[in-house]
Amino acid sequence: RGHAQKRAYAINSMIIFEENSLLVKACIPTGAALDVFVVTFTGRENNPPVSHGSAERFFLKNRIPALHFISKANHWWHSGDFLPALDRVRGELARYGAQQIVTYGSSMGGYGALVAAPRLGAVRAVVSVPQASVDPVDVPWETRWRKDIKRIDFRHRVGPELGAVDVYAIFDPFFAIDRMHVDVLRRYAHVHEIHTPFAEHGASMLLKEVNLLEPVTLGAIYGKRGIGTEIRLQMRQRRGASPLAMG
């Protein structure tokens, strides 16, 4: 008594694909509706792989079925295993009868979500501080993660095929390098912008500090229109609660 108890969830969880560079885990809450199915991609990690998918607990808590791509290295999803894994996932989504597919990820995971979205027939990609590319040929101004980039054999590009996907991009419009990636995405897709001013590359952290991470994520996953304007107004009201926003 007096101690918080962890909530238990009934879930069907299994690894459906695994090779040297990545694995894919299915995480299906028992009895969950399959109208929206999320496919997530982990971001860059100091010591990959992590043990869980991107926002895995969040989607479980909200009873949203998900397939989680978990990278075993910081390859920015330029791996020979990536396309075979997408083929496997496409078959699993068909088997589950998924009605709407949404890809999801942050930073490196956002890039994976953007590359995968058209290949999976996704209607939306929800991406936080994403890269449109880290290939120096495409984005010579992107100089972060140079050690990773030197090791990458670039295989994929975000391009016109993204035009069939609604992109919900969460980013700081005043952080130039992240804004430049979103500018590139606008060449190919309709981008719904959700701004996190002064968060720099920490958009999710700021949203968590002002208790907007959950409504923003769910709103974008379900394709809520006008969410950018709605969140902009709420951010103005709550900004004082965020140490990150206040500097």
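From a predicted model like this one, the values you see are computed outputs, not experimental measurements. (Residues numbered from 1 in each chain as written. Predicted model: local features only at pLDDT ≥ 70, side-chain atom pairs only at ≥ 80, totals over all residues. Heavy atoms only, no water.)

Trainee: A description of helix α8 (residues 227–238) should follow, citing residues and the corresponding values.
Mentor: Given a rise of 1.5 Å per residue, 12 residues ought to cover 16 Å, and the 16 Å separating the end C-alpha atoms of α8 matches this to within 8%. Within the sequence span of α8, burial applies to I227, G228, I231, Q234 and M235. Each buried residue of α8 lies within a common arc of 130 degrees when the element is viewed along its axis, so the set occupies one face. For α8, the exposed residues lying more than 90 degrees away from the buried face are R236 and Q237. Buried residues along α8 sit against β7 (166–171), β8 (190–195), α6 (203–209) and α7 (213–221). (Helix = DSSP H or I, 4+ residues; strand = E, 2+ residues; numbered from the N terminus. Expected span 1.5 Å × (residues − 1). Buried < 20%, exposed > 50% of the residue type's maximum accessible area, 1.4 Å probe, protein only. Arc of directions from axis to C-beta. Contact = heavy atoms within 4.5 Å.)

Trainee: Describe the pairing of β8, and please don't skip the residues or the numbers.
Mentor: As paired strands, β7 and β8 are joined by 6 bridges and run parallel to one another. Bridge pairing links A169 to E193 in β8. A crossover links β7 with its parallel partner β8, the connecting element being helix α5 (residues 176–186), and its sense is right-handed. (Pairing = 2+ DSSP bridges. Right-handed = clockwise from strand over helix to strand, strands pointing away.)

Trainee: Can you explain the side chain of T42? Please cite residues and give values.
Mentor: Mapped onto the fold, T42 is located in the loop between β3 (36–41) and α1 (56–61). Other than its neighbours up to four places away in sequence, T42 contacts V50, H52, G53, S54, F69, I70, S71, W77, M108 and G109.

Trainee: So, the pattern of salt bridges: which residues are in play, and what are the values?
Mentor: Following the criterion strictly, the structure yields 17 salt bridges and no others. When the shortest N-O distance is used, the salt bridge between R44 and D148 registers 2.5 Å. With R44 in the loop between β3 and α1 and D148 in helix α4 (residues 146–151), this pair connects stretches of sequence that are 104 residues apart. Classification of R44 as partly exposed rests on a relative accessible area of 34%. Between D135 and R157 there is a salt bridge, with the nearest N and O atoms lying 3.1 Å from each other. One end of the pair, D135, is in the loop between β6 (124–128) and α4; the other, R157, is in the loop between α4 and β7, with 22 residues separating them in the sequence. The class of R157 is partly exposed, set by a relative accessible area of 44%. Several salt bridges share partner residues, and in doing so they unite R44, D148 and R151 into one network. (Salt bridge = Lys/Arg side-chain N within 4 Å of Asp/Glu carboxyl O.)

Trainee: I'd like a description of the packing of aromatic side chains, backed by residues and values.
Mentor: In the structure shown here, the tally under the stated rule is 11 aromatic pairs. Seen in terms of ring centroids, F69 and F82 are 5.8 Å apart; in terms of plane orientation they differ by 70 degrees. Their pairing is edge-to-face. Placement of the pair is F69 in strand β4 (residues 66–71) and F82 in helix α2 (residues 82–96), with a sequence separation of 13 residues. The residues F69 and F82 share a single accessibility class, namely buried. By the ring-pair criterion, three or more aromatic residues cluster together here, those being F41, F69, W77 and F82. (Phe/Tyr/Trp six-rings, centres within 6.5 Å; stacked < 30°, edge-to-face > 60°.)

Trainee: Account for the pairing of strand β2 (residues 22–29), naming residues and giving values.
Mentor: Across the 8 residues that make up β2, a large majority, 8, are buried. The alternating pattern of β2 places L22, V24, A26 and I28 and L23, K25, C27 and P29 on opposite faces, both of which are buried. With 6 bridges joining them, β2 and β4 adopt antiparallel strand pairing. Counted as the bridge partner of K25 is H68 from β4.

Trainee: A description of unusual backbone geometry should follow, citing residues and the corresponding values.
Mentor: Here the bond from P48 into P49 is cis, since omega is 5 degrees, no more than 30 degrees from zero. Looking at where P49 falls in the secondary structure, it is placed in the loop between β3 and α1. One non-glycine residue, S107, adopts positive backbone phi at about 55 degrees. Residue S107 is classed as buried on the basis of its relative accessible area of 10%. With a phi close to 60 degrees, W145 is a non-glycine residue in the positive phi region.

Trainee: Tell me about the packing of α2 against helix α3 (residues 108–120), residues and numbers included.
Mentor: Look at α2 against α3: their axes get within 10 Å of each other, and the N-to-C directions meet at 50 degrees. Classed by the angle they form, the pair α2 and α3 counts as oblique. Judged by the twist between their axes, the crossing of α2 over α3 is right-handed. For the pair α2 and α3, the contacting residues are F82, L83, L86, V89 and R90 in the first and G112, V115, A116, R119 and L120 in the second. When the residues that make up the contact of α2 with α3 are grouped by side-chain class, the tally is 7 nonpolar, 1 polar and 2 charged. (Axes fitted to C-alpha atoms, helices over the stretch in contact; angles between N-to-C directions. Parallel < 35°, antiparallel > 145°, perpendicular 65-115°, else oblique. Left-handed = near helix turned anticlockwise from the far one by under 90°. Nonpolar A, V, L, I, M, F, W, Y, C, P; charged D, E, K, R; others polar.)

Trainee: Break down α2 for me, citing the residues and quoting the values.
Mentor: Side chains that are three or four residues apart share a direction in an α-helix, a result of its 3.6 residues per turn. Taking 1.5 Å of rise per residue, 15 residues should cover 21 Å, and α2 covers 21 Å from first to last C-alpha, within 8% of that figure. Along α2, the residues classified as buried are F82, A85, L86, V89, E92, L93 and Y96. Down the axis, α2 shows its buried residues gathered within 120 degrees of arc, on one side only. Seen from the open side of α2, the exposed residues pointing more than 90 degrees away from its buried face are A94 and R95. Following α2 by one or two positions, G97 adopts a phi angle in the positive range, close to 70 degrees.

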